[in-house]
Amino acid sequence: MKLIQFILILLFSSFVMGQGKKNEIKIIGKITGKIPDIIEYTLPIHGIDYFGFTDSAQTNASGNFQITIPLEKTSFIDLSNNYQSYGTLIVEPGMLYKVSINTEASENKFAVESPNRKGQLLYNHIPNRSMIVGGHFVLETKKYMQDSIPSAIKQKIEQSSEAEMAGFKQLLKEKAISKEFYNLVEIDRDYFHKGIQGSLAFINYLFVEQNRNKLSKEQFGEMWEGIFQLNPVTNPKLLSSPWFYFYIENYLRYNELILEKIDTKVLAEFQKKGQIHTHNINNAKKYLSGLQLEYYFAAYVYYEAINKNYEKELITLFEQFKKEYPSSPYTHFLEPVIMTIIAFHNKQVEPLNEKIKFIDNTSNLNSVNDVIKSLNGKQYYIDIWATWCSPCKEEFKDNTKLYELLKSKNITMVYISIDKESREKQWKEMIHFYNLEGYHIRANEKLDANLRSLYGSQSMGIPWHFLTNENGDILKKNVSGPSQIENLEKQLGNN
């Protein structure tokens, strides 16, 4: 009798460990390696997981954290820090998840204890499992850019999808994952792979004018139309996919460019007048409604705001969103990014920092050597950036430490922007907003070409930081940015 009681207690304890309250989930985590101050997690509002709508939890000195999230249906939750994903959970209401994260491991950084443990592990080995990891359909589209037969493209994509799902089908057969878990993965992968086809069609459309398209207008038009027939945007399942935003974005492009036959020159004119975002939202309103439109509207404003181009138009759209959706749960996430745009424009009326210096007579500065020789100094830390480069602007957060380090080493700061002439105004405004102390030059065509030659590739990756002597000769071709100040200090110390 005592043995039976003991077994029942064990079974009950095991059951409790896997359960939480009916309409919420709980995540208990442990981080080893470099421990961040906070861990960020996506919030599946209405069951939709979007990388921008996040909350955060504090980690203690030992790397422990705890998260409780209200949840009505099986959803995705991504755990990250500063847009660097640690791993993705597929969670079901009422469940408890134990998560282990090793930030310094090269493999198996993310482990989950849950009833669907094997499925969690398999899903996290998919390279393009989330927007934080994969970024967009475009990265996967590159695999098919040279193919010119639509049926062959579709077959390859279908084979890729089937290969990804094979392991989950086996786990379902073995009852190692729940049916709800499997269904959500299936929706996710199905919309992702259909999205690849849509992205491929769009790229071929853009390449027509350059004669670089591999598919004819008829071919990519039919392929584009076909994905929305098989996976329509009206399908309620789409709202469960983390790829909802980009899939809808592709659908709206199809309607605008193929069905309505709107010339890209018209869209360029909207862009020039500072009305492109308003146009895009108005276009969305023609094809979306209800929860889909509310979500897309909010996600669009958020996504464009975090690109940090600081368009005033987004402030207007945010005010419009609040009027149309006065009780929207998304407003909470939009407010901080919109406040940053407001701060950007308020900053422009303040005096410019006297330590910000624009290099004069730039038309004859056609190389790094020319630029450096026009200045007075012994060594120079060069930051190659652009106003459209989000990672470049992310680095600026740590500039205070950078300036202190460079001053202690008697190294002069030089920023070279590869922005086009049309972005001259944005270039100067961003320098003012980010308070970029040092010398500034916007590269002309010859200087731009010289930089790419020094980098060793026409597709130069930025931000790019390097060190030169007083003649502009490169001493160290690649050094760390301000976000890795300790590593940079070591690199400069060895110079």
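Up top you'll find the structure we're talking about.
Structure report, in brief. Note that the coordinates shown come from a computational prediction; the quantities given were computed from them, not determined experimentally. All residue numbers refer to position in the chain's written sequence, counted from 1. A pLDDT threshold of at least 70 governs which residues receive local features in this predicted model, and a stricter bar of 80 or more applies before side-chain atom pairs are shown or counted, although totals over entire chains, interfaces and linings include all residues. Here the side-chain values reflect all heavy atoms present in the structure, with hydrogen atoms and water set aside.

1. Let's talk about the sheet that holds strand E8 (residues 110–113)
On the basis of which strands lie adjacent, the open sheet formed by 4 strands has the order E4-E1-E7-E8 and mixed pairing. Each end of this open sheet is capped by a strand with a single partner; those strands are strand E4 (64–70) and E8. Strand-to-strand, the axes of this sheet are offset by a mean angle of 20°, without reference to chain direction. Two strands pair under a simple rule: DSSP has to find at least two bridges between them. The way it works is that DSSP assigns letters per residue, a run of H or I at least four long becomes a helix, a run of E at least two long becomes a strand, and they are numbered from the N terminus. Here strand E7 (residues 96–102) pairs with E8 via 4 bridges, running antiparallel. Within E8, the position partnered with Lys 98 by the bridge is Glu 113. Interaxial angles span 0 to 180 degrees and are taken between N-to-C directions of axes, which are lines fitted to C-alpha atoms, for helices over the stretch in contact.

2. Examining the side chain of Ser 160
Structurally, Ser 160 can be placed in helix H5 (residues 150–173). Note on definitions: a residue-residue contact is assigned when non-hydrogen atoms from the two residues lie within 4.5 Å. Leaving out residues up to four positions away in the same chain, Ser 160 has contacts with Tyr 144 and His 193.

3. A short note on unusual backbone geometry
The omega torsion across Ile 462 and Pro 463 is 5°, close enough to zero to call that bond cis. On the secondary structure map, Pro 463 appears in the loop between helix H18 (445–455) and strand E13 (464–469). If you check the backbone angles, Lys 308 has positive phi at about 60° while not being a glycine. Position of Lys 308 among the secondary structure elements: in the loop between helix H11 (290–306) and helix H12 (312–324). With a phi close to 55°, Asn 435 is a non-glycine residue in the positive phi region. With respect to the secondary-structure elements, Asn 435 resides in the loop between helix H17 (424–434) and strand E12 (438–442).

4. Looking at helix H6 (residues 179–207)
The span one expects for a helix is its residue count, reduced by one, times 1.5 Å. Over its 29 residues, H6 extends 42 Å from the first C-alpha to the last, a length consistent with the 42 Å expected when each residue adds 1.5 Å. Exposure is judged per residue with a 1.4 Å probe applied to protein chains only, and the accessible area is read against the type maximum: over 50% gives exposed, under 20% gives buried, and values in between give partly exposed. When you tally the buried positions in H6, you get 23 out of 29 residues, the bulk of the element.

5. With respect to the nonpolar core
Side-chain atoms within 4.5 Å link the members of a nonpolar core, which is a set of buried Ala, Val, Leu, Ile, Met, Phe, Trp, Tyr and Cys residues. Counting 136 residues, the largest nonpolar core has Leu 79, Ile 384 and Leu 451 as its most contacted members. If one sorts the elements of this core by residue count, H11 sits on top with 11 residues. If near-sequence neighbours (up to four positions away) are discounted, Leu 451 is found in contact with Val 368, Ile 384, Ile 416, Ile 418, Met 460, Trp 464 and Phe 466. Within the second largest apolar cluster, 13 residues are counted, among which are Ile 90, Tyr 123, Phe 181 and Tyr 182.

6. So, the sheet that holds strand E6 (residues 84–91)
One key point about sheets: their strands pair by backbone hydrogen bonds, in either a parallel or an antiparallel sense. Pairing is antiparallel across the open sheet formed by 4 strands, whose spatial order is E3-E2-E5-E6. Across the chains shown, the open sheet's two edge strands, defined by having one partner strand only, are strand E3 (54–58) and E6. This sheet shows a mean twist of 25° between the axes of neighbouring strands, independent of strand direction.

7. Examining the pattern of salt bridges
Any carboxyl oxygen of Asp or Glu within 4 Å of a side-chain nitrogen of Lys or Arg constitutes a salt bridge here. With the rule as written, the count across this model stands at 16 salt bridges. The residue Lys 285 makes a salt bridge to Glu 324 at a minimum N-O spacing of 2.8 Å. With Lys 285 in helix H10 (residues 276–287) and Glu 324 in helix H12, this pair connects stretches of sequence that are 39 residues apart. Taking relative accessible area as the criterion, Glu 324 reaches 36% and is therefore assigned partly exposed. Of the charged contacts, one joins Asp 419 and Arg 423 as a salt bridge, the two residues approaching to 3.5 Å between their closest N and O atoms. For Asp 419, a relative accessible area of 1% translates into the label buried.

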